[in-house]
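Listed below are the residues making up each chain.
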Amino acid sequence: MSKRLDYNHIAPAGVKALGGVYGYIMQSSLPSELVDLVYLRISQINNCAYCLDMHTRDLLKKGQKVEKIALVQAWAEAGNLFDERERAALGWAETVTRVAETNVPDEAYKAAHAVFGERELVDLTIAIGLMNTYNRLAISFRKTPQAALGRRRR
């Protein structure tokens, strides 16, 4: 798979604007590891190799255990490996990412709102929308994951 175009070079102001949203999320009250788990789950749903690679690396750098990262896709069946806030965030991320299928049901909203305050829930939803945007850019324009770049050099 070869890169189609470099959107960072072609639309730097647009990418910078997305970076501003990313900066907002990183300065919110949401823990960065929680946000990275959500970003990883969204990237799994969207099959974005670039973002899967990046967020797996980010979580590993932050000390997240490989066993937990490996089970993000099956978080609902992973027992107590994920805490209440992580489960709520991952569930919310799934239903919001699949909005065309789920229509984000009231039960999902109530479950997320029971764990997150209003501001946190809005910030989490902004983070979900941002990651879906990044996934669409990386997939559409075939951004190469770091892991694949490393293989080419060998």
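Residues numbered from 1 in each chain as written. Predicted model: local features only at pLDDT ≥ 70, side-chain atom pairs only at ≥ 80, totals over all residues. Heavy atoms only, no water.

Draft legend 1. Local environment of helix α8 (residues 106-115). Of all the residues in α8, the buried ones are A108, A112 and V115. Relative to the axis of α8, the buried residues are bounded by an arc of 65° and lie together on one face. Turned more than 90 degrees off the buried face of α8, the exposed positions are D106, E107, K110 and A114. Buried positions along α8 lie against α6 (84-97) and α9 (118-140). (Buried < 20%, exposed > 50% of the residue type's maximum accessible area, 1.4 Å probe, protein only. Helix = DSSP H or I, 4+ residues; strand = E, 2+ residues; numbered from the N terminus. Arc of directions from axis to C-beta. Contact = heavy atoms within 4.5 Å.)

Draft legend 2. Quick look at the nonpolar core. Core analysis: the largest hydrophobic core is formed by 38 residues, its most contacted members being V38, W92, F116, L124 and I128. Counting only elements with at least two residues in this core, the list comes to α2 (12-26), α3 (32-46), α4 (49-61), α6, α8 and α9. Once you skip the residues sitting within four places of it in the chain, F116 turns out to touch L30, L34, R85, A88, A89, L121 and L124. (Core = buried A, V, L, I, M, F, W, Y, C linked by side-chain atoms within 4.5 Å.)

Draft legend 3. Structural detail: the pattern of salt bridges. Tallied over the entire structure, the rule returns 6 salt bridges. Between E94 and R41 there is a salt bridge, with its nearest N and O atoms 2.7 Å apart. Of this pair, E94 sits in helix α6 while R41 sits in helix α3, and the two are 53 residues apart along the sequence. Looking at R41, the relative accessible area reads 7%, which means it is buried. (Salt bridge = Lys/Arg side-chain N within 4 Å of Asp/Glu carboxyl O.)

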